[in-house]
Amino acid sequence: MELPVIDLKEYLAVLNGDPSTEKPGPEVIGLCKEVSRVLRETGALLVKDPRCTVEDNDRFIDMMEKYFERPVDFKRQQERPALHYQVGVTPEGVEVPRSLVDGEMQEKLKAMPKEFQPATPEGPDRKWRYMWRVGPRPSNTRFQELNSEPVIPEGFPDWKDTMDSWGYKMIAAIEVVAEMAAIGFGLPKDAFTSLMKQGPHLLAPTGSDLRCYGQEGTVFAGYHYDLNFLTIHGRSRFPGLNIWLRNGKKVEVKVPIGCLLIQTGKQIEWLTAGDCIAGMHEVLVTDRTIEAINRASEQNRSLWRVSSTLFSHIASDAVLKPLGHFAESPLASKYPSMCAGEFVEQELAVINLKGSKGEP
(Lines give C-alpha, C1' and ligand atoms only; values in the text may rest on other atoms or scores of the structure.)
Protein backbone atom coordinates (compact mmCIF):
# COMPACT_ATOMS: atom_id res chain seq x y z
CA MET A 1 0.00 0.00 0.00
CA GLU A 2 1.25 3.46 -0.90
CA LEU A 3 0.37 6.19 1.58
CA PRO A 4 -1.27 9.18 -0.14
CA VAL A 5 0.74 12.41 -0.36
CA ILE A 6 -1.01 15.58 0.83
CA ASP A 7 0.38 18.78 -0.66
CA LEU A 8 0.07 21.54 1.95
CA LYS A 9 0.50 24.23 -0.70
CA GLU A 10 -3.24 24.58 -1.30
CA TYR A 11 -4.07 25.02 2.38
CA LEU A 12 -1.21 27.49 2.83
CA ALA A 13 -2.30 29.48 -0.23
CA VAL A 14 -5.96 29.71 0.76
CA LEU A 15 -5.47 30.55 4.42
CA ASN A 16 -2.15 32.33 3.93
CA GLY A 17 -1.40 31.96 7.62
CA ASP A 18 -4.16 34.48 8.41
CA PRO A 19 -5.73 33.62 11.79
CA SER A 20 -8.78 35.76 10.92
CA THR A 21 -9.77 33.33 8.16
CA GLU A 22 -12.84 31.68 9.62
CA LYS A 23 -14.16 29.25 7.02
CA PRO A 24 -12.05 27.57 4.35
CA GLY A 25 -13.80 26.66 1.09
CA PRO A 26 -15.19 23.23 0.22
CA GLU A 27 -12.04 22.10 -1.61
CA VAL A 28 -9.84 22.82 1.38
CA ILE A 29 -12.36 21.24 3.76
CA GLY A 30 -12.29 18.16 1.56
CA LEU A 31 -8.49 18.08 1.84
CA CYS A 32 -8.76 18.45 5.62
CA LYS A 33 -11.18 15.54 5.80
CA GLU A 34 -8.71 13.47 3.79
CA VAL A 35 -5.97 14.31 6.32
CA SER A 36 -8.13 13.22 9.27
CA ARG A 37 -9.29 10.08 7.40
CA VAL A 38 -5.75 8.95 6.59
CA LEU A 39 -4.52 9.65 10.12
CA ARG A 40 -7.48 7.71 11.54
CA GLU A 41 -7.08 4.70 9.23
CA THR A 42 -3.29 4.44 8.94
CA GLY A 43 -1.72 6.45 11.77
CA ALA A 44 0.63 7.97 9.17
CA LEU A 45 0.58 10.67 6.51
CA LEU A 46 2.95 11.83 3.77
CA VAL A 47 3.00 15.57 3.13
CA LYS A 48 4.76 18.02 0.87
CA ASP A 49 5.46 21.41 2.41
CA PRO A 50 7.04 23.99 0.09
CA ARG A 51 8.76 25.53 3.13
CA CYS A 52 10.70 22.30 3.86
CA THR A 53 13.13 21.58 1.03
CA VAL A 54 15.31 18.59 0.16
CA GLU A 55 18.32 20.85 0.71
CA ASP A 56 17.14 21.64 4.26
CA ASN A 57 16.86 17.95 5.06
CA ASP A 58 20.26 17.16 3.50
CA ARG A 59 22.01 19.92 5.44
CA PHE A 60 20.58 18.57 8.67
CA ILE A 61 21.44 14.93 7.96
CA ASP A 62 24.98 15.87 6.83
CA MET A 63 25.66 17.49 10.19
CA MET A 64 24.12 14.67 12.22
CA GLU A 65 26.16 12.07 10.31
CA LYS A 66 29.32 13.96 11.29
CA TYR A 67 28.17 14.07 14.91
CA PHE A 68 27.26 10.39 15.21
CA GLU A 69 30.57 9.42 13.59
CA ARG A 70 32.43 11.04 16.49
CA PRO A 71 33.92 8.74 19.20
CA VAL A 72 31.66 7.38 21.93
CA ASP A 73 33.56 9.28 24.68
CA PHE A 74 32.95 12.56 22.87
CA LYS A 75 29.23 11.91 22.42
CA ARG A 76 28.68 10.88 26.02
CA GLN A 77 29.75 14.38 27.11
CA GLN A 78 26.32 15.50 25.88
CA GLU A 79 24.46 12.88 27.94
CA ARG A 80 21.93 14.15 30.54
CA PRO A 81 20.30 11.12 32.25
CA ALA A 82 19.12 13.21 35.23
CA LEU A 83 16.88 15.12 32.81
CA HIS A 84 15.21 11.94 31.50
CA TYR A 85 17.46 12.18 28.39
CA GLN A 86 15.04 14.85 27.15
CA VAL A 87 18.00 17.05 26.10
CA GLY A 88 21.39 16.03 24.74
CA VAL A 89 22.36 12.55 23.62
CA THR A 90 20.85 9.19 24.49
CA PRO A 91 23.41 6.40 23.85
CA GLU A 92 22.47 3.16 22.16
CA GLY A 93 21.30 0.51 24.59
CA VAL A 94 19.21 2.90 26.72
CA GLU A 95 15.81 3.20 25.01
CA VAL A 96 13.74 0.08 25.69
CA PRO A 97 11.06 -0.81 23.12
CA ARG A 98 7.59 -0.89 24.61
CA SER A 99 7.04 -4.39 23.23
CA LEU A 100 9.69 -5.72 25.66
CA VAL A 101 8.07 -4.34 28.82
CA ASP A 102 4.32 -4.11 28.11
CA GLY A 103 2.64 -7.44 28.89
CA GLU A 104 -0.68 -6.43 27.32
CA MET A 105 1.11 -5.47 24.10
CA GLN A 106 3.01 -8.77 24.06
CA GLU A 107 -0.28 -10.70 24.22
CA LYS A 108 -1.63 -8.70 21.27
CA LEU A 109 1.52 -9.43 19.25
CA LYS A 110 1.14 -13.17 19.80
CA ALA A 111 -2.41 -12.98 18.42
CA MET A 112 -1.27 -11.27 15.20
CA PRO A 113 -1.00 -13.27 11.96
CA LYS A 114 2.66 -14.26 11.56
CA GLU A 115 3.16 -12.14 8.43
CA PHE A 116 2.13 -9.01 10.34
CA GLN A 117 4.09 -9.64 13.54
CA PRO A 118 6.97 -7.23 14.28
CA ALA A 119 10.59 -8.27 14.58
CA THR A 120 11.56 -9.41 18.08
CA PRO A 121 14.31 -7.20 19.54
CA GLU A 122 16.97 -8.86 21.66
CA GLY A 123 17.17 -5.99 24.13
CA PRO A 124 17.33 -2.17 24.22
CA ASP A 125 17.39 -0.28 20.91
CA ARG A 126 20.66 -0.19 18.97
CA LYS A 127 20.45 3.47 18.15
CA TRP A 128 21.71 6.77 19.47
CA ARG A 129 19.40 9.78 19.71
CA TYR A 130 19.97 13.50 20.14
CA MET A 131 17.28 15.63 21.79
CA TRP A 132 17.13 19.33 20.89
CA ARG A 133 14.33 21.55 22.15
CA VAL A 134 12.51 23.61 19.54
CA GLY A 135 10.45 26.71 20.26
CA PRO A 136 9.80 28.74 23.42
CA ARG A 137 9.23 27.11 26.78
CA PRO A 138 6.97 28.38 29.58
CA SER A 139 8.56 30.58 32.25
CA ASN A 140 6.47 28.86 34.93
CA THR A 141 5.80 25.14 34.71
CA ARG A 142 5.39 22.16 37.02
CA PHE A 143 7.54 20.11 34.63
CA GLN A 144 10.84 21.97 34.46
CA GLU A 145 12.92 18.90 33.56
CA LEU A 146 10.80 18.44 30.42
CA ASN A 147 11.56 22.03 29.39
CA SER A 148 15.32 22.18 29.99
CA GLU A 149 17.95 24.19 28.16
CA PRO A 150 19.58 22.57 25.09
CA VAL A 151 23.03 20.95 25.00
CA ILE A 152 25.48 22.04 22.25
CA PRO A 153 28.46 19.79 21.39
CA GLU A 154 31.87 21.41 20.88
CA GLY A 155 33.29 21.65 17.38
CA PHE A 156 29.98 22.19 15.60
CA PRO A 157 29.74 25.97 15.00
CA ASP A 158 26.58 25.66 12.87
CA TRP A 159 24.84 23.32 15.31
CA LYS A 160 22.28 25.75 16.74
CA ASP A 161 21.38 27.36 13.40
CA THR A 162 21.01 24.03 11.64
CA MET A 163 18.97 22.42 14.42
CA ASP A 164 16.73 25.46 14.90
CA SER A 165 16.19 26.02 11.17
CA TRP A 166 15.10 22.43 10.46
CA GLY A 167 13.21 22.15 13.75
CA TYR A 168 11.14 25.30 13.22
CA LYS A 169 10.31 24.30 9.64
CA MET A 170 9.06 20.90 10.74
CA ILE A 171 7.03 22.41 13.60
CA ALA A 172 5.46 24.76 11.06
CA ALA A 173 4.48 21.76 8.91
CA ILE A 174 3.05 19.95 11.96
CA GLU A 175 0.98 23.00 12.90
CA VAL A 176 -0.60 23.11 9.44
CA VAL A 177 -1.39 19.39 9.56
CA ALA A 178 -2.79 19.82 13.09
CA GLU A 179 -5.10 22.59 11.87
CA MET A 180 -6.20 20.53 8.89
CA ALA A 181 -6.79 17.47 11.06
CA ALA A 182 -8.86 19.51 13.52
CA ILE A 183 -11.08 20.81 10.71
CA GLY A 184 -11.37 17.30 9.29
CA PHE A 185 -12.38 15.91 12.70
CA GLY A 186 -15.08 18.58 13.02
CA LEU A 187 -13.24 20.58 15.70
CA PRO A 188 -12.28 24.28 15.74
CA LYS A 189 -9.24 24.98 13.57
CA ASP A 190 -7.05 25.77 16.59
CA ALA A 191 -8.30 22.89 18.76
CA PHE A 192 -4.90 21.19 18.66
CA THR A 193 -2.53 24.07 17.92
CA SER A 194 -3.76 26.14 20.88
CA LEU A 195 -2.69 23.28 23.16
CA MET A 196 0.71 23.00 21.45
CA LYS A 197 1.82 26.53 22.34
CA GLN A 198 5.06 26.41 24.40
CA GLY A 199 4.98 22.63 24.28
CA PRO A 200 8.23 20.68 24.90
CA HIS A 201 8.75 20.00 21.18
CA LEU A 202 11.89 18.00 20.52
CA LEU A 203 13.97 17.61 17.40
CA ALA A 204 15.21 14.08 18.07
CA PRO A 205 17.33 12.60 15.27
CA THR A 206 18.49 9.03 15.69
CA GLY A 207 21.80 7.56 14.57
CA SER A 208 22.31 3.86 13.85
CA ASP A 209 25.73 2.51 12.92
CA LEU A 210 25.24 0.33 9.85
CA ARG A 211 28.90 -0.70 9.88
CA CYS A 212 28.32 -2.49 13.18
CA TYR A 213 24.64 -3.33 12.81
CA GLY A 214 24.08 -3.67 9.07
CA GLN A 215 22.86 -7.27 9.12
CA GLU A 216 19.36 -7.87 7.75
CA GLY A 217 16.84 -8.20 10.57
CA THR A 218 18.78 -6.07 13.09
CA VAL A 219 16.26 -4.00 15.06
CA PHE A 220 17.07 -0.32 15.64
CA ALA A 221 13.73 0.66 17.17
CA GLY A 222 11.53 -2.14 18.44
CA TYR A 223 7.75 -2.15 17.94
CA HIS A 224 6.34 0.86 19.80
CA TYR A 225 4.14 3.94 19.64
CA ASP A 226 5.21 7.54 20.23
CA LEU A 227 3.95 9.17 23.43
CA ASN A 228 3.73 12.70 21.99
CA PHE A 229 1.10 14.43 19.78
CA LEU A 230 2.38 14.08 16.20
CA THR A 231 5.82 12.94 15.03
CA ILE A 232 7.36 14.19 11.79
CA HIS A 233 10.37 12.88 9.86
CA GLY A 234 12.31 14.03 6.86
CA ARG A 235 13.34 11.33 4.37
CA SER A 236 16.12 9.06 5.64
CA ARG A 237 18.96 7.97 3.35
CA PHE A 238 18.42 4.38 4.49
CA PRO A 239 14.92 2.84 4.48
CA GLY A 240 13.70 0.42 7.14
CA LEU A 241 10.52 1.83 8.74
CA ASN A 242 7.48 -0.46 9.09
CA ILE A 243 4.12 0.84 10.31
CA TRP A 244 0.92 -0.96 11.31
CA LEU A 245 -2.39 0.23 9.91
CA ARG A 246 -5.48 0.32 12.10
CA ASN A 247 -6.63 -2.95 10.51
CA GLY A 248 -3.45 -4.64 11.80
CA LYS A 249 -1.66 -4.88 8.46
CA LYS A 250 2.10 -4.21 8.45
CA VAL A 251 3.34 -1.81 5.75
CA GLU A 252 6.88 -0.79 4.79
CA VAL A 253 6.93 2.98 4.40
CA LYS A 254 8.48 4.51 1.29
CA VAL A 255 8.96 8.27 1.66
CA PRO A 256 9.24 9.99 -1.75
CA ILE A 257 11.99 12.57 -2.25
CA GLY A 258 10.83 15.97 -1.01
CA CYS A 259 8.17 14.56 1.31
CA LEU A 260 7.77 14.42 5.07
CA LEU A 261 6.28 11.55 7.05
CA ILE A 262 3.88 12.30 9.93
CA GLN A 263 2.83 9.70 12.50
CA THR A 264 0.16 9.84 15.19
CA GLY A 265 1.22 9.75 18.82
CA LYS A 266 -0.55 8.88 22.06
CA GLN A 267 -1.55 12.47 22.83
CA ILE A 268 -3.73 12.81 19.70
CA GLU A 269 -5.32 9.48 20.62
CA TRP A 270 -6.18 11.00 24.02
CA LEU A 271 -7.63 14.18 22.51
CA THR A 272 -9.82 12.22 20.07
CA ALA A 273 -10.88 9.52 22.57
CA GLY A 274 -9.28 6.83 20.45
CA ASP A 275 -10.88 7.87 17.15
CA CYS A 276 -7.31 8.41 15.97
CA ILE A 277 -4.98 5.92 17.65
CA ALA A 278 -1.23 6.13 18.21
CA GLY A 279 0.51 4.48 15.26
CA MET A 280 2.66 1.43 15.97
CA HIS A 281 5.98 1.18 14.14
CA GLU A 282 9.47 -0.30 14.12
CA VAL A 283 12.79 0.39 12.38
CA LEU A 284 15.06 -2.44 11.27
CA VAL A 285 17.52 -3.47 8.58
CA THR A 286 15.59 -4.76 5.55
CA ASP A 287 16.66 -5.88 2.09
CA ARG A 288 16.07 -2.30 0.92
CA THR A 289 18.36 -1.06 3.72
CA ILE A 290 21.07 -3.47 2.51
CA GLU A 291 20.73 -2.10 -1.04
CA ALA A 292 21.15 1.45 0.29
CA ILE A 293 24.17 0.38 2.38
CA ASN A 294 25.84 -1.08 -0.73
CA ARG A 295 25.19 2.10 -2.74
CA ALA A 296 26.54 4.30 0.07
CA SER A 297 29.66 2.12 0.39
CA GLU A 298 30.34 2.36 -3.35
CA GLN A 299 30.02 6.15 -3.15
CA ASN A 300 32.11 6.38 0.04
CA ARG A 301 29.23 8.00 1.97
CA SER A 302 28.47 7.76 5.68
CA LEU A 303 27.03 4.46 6.92
CA TRP A 304 25.20 6.03 9.84
CA ARG A 305 21.42 5.84 9.38
CA VAL A 306 20.08 9.22 10.52
CA SER A 307 16.39 9.92 11.01
CA SER A 308 15.45 13.60 11.06
CA THR A 309 12.69 13.10 13.62
CA LEU A 310 10.75 15.76 15.53
CA PHE A 311 8.31 15.05 18.35
CA SER A 312 5.59 17.71 18.69
CA HIS A 313 3.93 17.85 22.09
CA ILE A 314 0.95 19.26 23.87
CA ALA A 315 2.18 21.87 26.40
CA SER A 316 3.24 20.21 29.66
CA ASP A 317 0.78 22.14 31.84
CA ALA A 318 -2.14 21.81 29.39
CA VAL A 319 -4.83 19.24 30.13
CA LEU A 320 -5.11 16.12 28.00
CA LYS A 321 -8.74 15.10 27.59
CA PRO A 322 -11.11 14.25 24.73
CA LEU A 323 -12.01 17.44 22.87
CA GLY A 324 -15.40 18.69 21.61
CA HIS A 325 -17.72 15.95 20.38
CA PHE A 326 -15.08 13.32 21.24
CA ALA A 327 -15.95 13.88 24.91
CA GLU A 328 -19.31 12.16 24.13
CA SER A 329 -17.60 9.07 22.73
CA PRO A 330 -18.37 5.79 24.52
CA LEU A 331 -14.58 5.35 24.77
CA ALA A 332 -13.99 8.74 26.44
CA SER A 333 -13.78 7.19 29.90
CA LYS A 334 -10.61 5.37 28.82
CA TYR A 335 -8.94 8.79 28.46
CA PRO A 336 -9.25 10.62 31.81
CA SER A 337 -8.18 14.25 32.17
CA MET A 338 -4.55 14.77 33.20
CA CYS A 339 -1.74 17.23 32.63
CA ALA A 340 0.25 16.40 29.51
CA GLY A 341 3.49 16.63 31.48
CA GLU A 342 2.25 14.08 34.00
CA PHE A 343 1.30 11.74 31.15
CA VAL A 344 4.76 12.11 29.56
CA GLU A 345 6.53 11.34 32.84
CA GLN A 346 4.43 8.19 33.31
CA GLU A 347 5.28 7.00 29.80
CA LEU A 348 9.00 7.76 30.17
CA ALA A 349 9.13 5.71 33.35
CA VAL A 350 7.89 2.64 31.44
CA ILE A 351 10.48 2.88 28.67
CA ASN A 352 13.47 3.51 30.96
CA LEU A 353 14.08 7.22 30.33
CA LYS A 354 13.02 8.57 33.73
CA GLY A 355 15.17 9.06 36.76
CA SER A 356 18.78 7.95 36.89
CA LYS A 357 18.53 5.88 33.72
CA GLY A 358 17.29 7.08 30.99
CA GLU A 359 11.89 7.65 23.77
CA PRO A 360 9.19 9.17 23.15
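That block above? That's the structure.
Please read all numbers here as calculations on a predicted model, not as lab measurements.

J.: Where do I start with the side chain of D164 in this structure?
T.: If you trace the backbone, D164 turns up in helix α7 (residues 159–184). Polar side-chain contacts of D164 include one of 2.8 Å to the side chain of K160. Discounting chain neighbours no more than four positions away, the residues touching D164 are W132 and R133.

J.: Even after reading the chapter, I still don't get the layout of surface pockets, so can you show me in this structure?
T.: Picture a little ball the size of a water molecule; that probe, rolled over the atoms, points out where space is still empty. The computed volume of the largest pocket comes to approximately 800 Å³. Lining the largest pocket we find 28 residues, and of these K108, Y225, K266, E269 and M280 sit closest to its centre. Among the secondary structure elements, those contributing two or more residues to the lining of the largest pocket are α2 (26–42), α6 (103–111) and α9 (266–271). At four residues, α6 tops the list of elements feeding residues into the lining of the largest pocket. Classifying every residue of the lining of the largest pocket by side-chain character gives 13 nonpolar, five polar and 10 charged.

J.: Explanation requested: the packing of aromatic side chains in the structure shown.
T.: In this description, a pair of aromatic rings is defined by centroid distance and the angle of the planes. According to the stated counting rule, one finds 15 aromatic pairs in the structure shown. For the pair F74 and F156, a centre-to-centre distance of 6.5 Å together with 40 degrees between the ring planes defines the contact as tilted. One end of the pair, F74, is in helix α4 (residues 72–75); the other, F156, is in the loop between β4 (128–133) and α7, and 82 residues separate them in sequence. Exposure class is identical for F74 and F156. Each is buried. Ring geometry for Y130 against W159: centres 4.9 Å apart, planes inclined by 65 degrees, an arrangement best described as edge-to-face. Taken together, the positions of Y130 in strand β4 and W159 in helix α7 put the pair 29 residues apart, joining distant regions of the chain. A relative accessible area of 0% means that W159 is categorised as buried. Taken together, the aromatic side chains of Y67, F68, F74, Y130, F156, W159 and W304 make up a single cluster linked through ring pairs. K75 extends its terminal NZ or CZ atom over the ring of W128, reaching a point 4.2 Å from the ring centre.

J.: Would you mind going over the side chain of E79 with me for this structure?
T.: Mapped onto the fold, E79 is located in the loop between α4 and β3 (88–90). A polar contact is formed between the side chain of E79 and the side chain of R76, at a distance of 2.9 Å. There is a polar contact of 3.0 Å between the side chain of E79 and the side chain of Y85. Contacts of E79, omitting those with residues within four sequence positions, involve Y85, V89 and P91.

J.: What is the right way to look at the sheet that holds strand β9 (residues 241–244) in this model?
T.: Read across the open sheet, the four strands follow the order β7-β12-β9-β10; overall the sheet is antiparallel. Strands at the two margins of the open sheet, each flanked by one partner only, are β7 (219–224) and β10 (250–252). Ignoring strand direction, the axes of neighbouring strands in this sheet form an average angle of 20 degrees. Where β7 and strand β12 (residues 280–284) come together, three bridges link them in antiparallel fashion. Paired with V219 across the strands is L284, a residue of β12.

J.: Whenever I open this one, the pattern of salt bridges confuses me. Can you help?
T.: Oppositely charged side chains may form a pair once their charged atoms are brought near each other. In this structure the tally under the stated criterion is 17 salt bridges. The salt bridge partner of K169 is D56, with a shortest N-O separation of 2.8 Å. With K169 in helix α7 and D56 in helix α3 (residues 54–68), the pair connects residues that are 113 residues apart, well separated along the chain. A relative accessible area of 26% means that K169 is categorised as partly exposed. Its salt-bridge partner being K127, residue E95 comes within 2.9 Å of it at the nearest N-O pair. You can see E95 sitting in the loop between β3 and α5 (98–101) and its partner K127 sitting in the loop between α6 and β4, a full 32 residues away along the chain. Looking at K127, the relative accessible area reads 4%, which means it is buried. What emerges from the salt-bridge pattern is a single network uniting D58, D62, E65 and R237.

J.: Quick question: what am I supposed to make of the packing of α3 against α7 here?
T.: Geometry of a packed helix pair, given as the angle between the helix axes and the separation of the axes. Where α3 contacts α7, the axes come no closer than 10 Å and their chain directions differ by 135 degrees. One finds that α3 runs oblique with respect to α7. Crossing of α3 against α7: the hand is left-handed. The residues of α7 that touch α3, namely those facing D56, N57, R59, F60, M63, M64 and Y67, are W159, D161, T162, M163, S165, W166 and K169. Per-class residue counts for the contact of α3 with α7 are seven nonpolar, three polar and four charged.

J.: Looking at this model, I keep getting lost on the nonpolar core. Mind explaining?
T.: Where a protein is soluble and globular, its nonpolar side chains tend to be buried together. Core analysis: the largest hydrophobic core is formed by 76 residues, its most contacted members being M64 and F192. In terms of residue count, α7 provides more of this core than any other element does, 14 residues in total. Among residues more than four places away in sequence, those in contact with M64 are Y130, W159, M163, P205 and V306. Counting residues in hydrophobic clusters, the runner-up holds 22 residues, among them Y213, F220, A221 and V251.

About the criteria used
Residues numbered from 1 in each chain as written. Predicted model: local features only at pLDDT ≥ 70, side-chain atom pairs only at ≥ 80, totals over all residues. Heavy atoms only, no water. Helix = DSSP H or I, 4+ residues; strand = E, 2+ residues; numbered from the N terminus. Polar contact = N/O pair within 3.5 Å; in protein donor to acceptor, adjacent residues only side chain to side chain. Contact = heavy atoms within 4.5 Å. 1 Å grid on protein atoms, 1.4 Å probe; cavity = no way out; pocket = protein on both sides within 12 Å on 5 of 7 lines; lining within 4 Å. Points joined across faces, edges and corners; volume = space filled by probe spheres on them. Nonpolar A, V, L, I, M, F, W, Y, C, P; charged D, E, K, R; others polar. Phe/Tyr/Trp six-rings, centres within 6.5 Å; stacked < 30°, edge-to-face > 60°. Buried < 20%, exposed > 50% of the residue type's maximum accessible area, 1.4 Å probe, protein only. Lys NZ or Arg CZ within 6 Å of the ring centre and 35° of its normal. Pairing = 2+ DSSP bridges. Axes fitted to C-alpha atoms, helices over the stretch in contact; angles between N-to-C directions. Salt bridge = Lys/Arg side-chain N within 4 Å of Asp/Glu carboxyl O. Parallel < 35°, antiparallel > 145°, perpendicular 65-115°, else oblique. Left-handed = near helix turned anticlockwise from the far one by under 90°. Core = buried A, V, L, I, M, F, W, Y, C linked by side-chain atoms within 4.5 Å.

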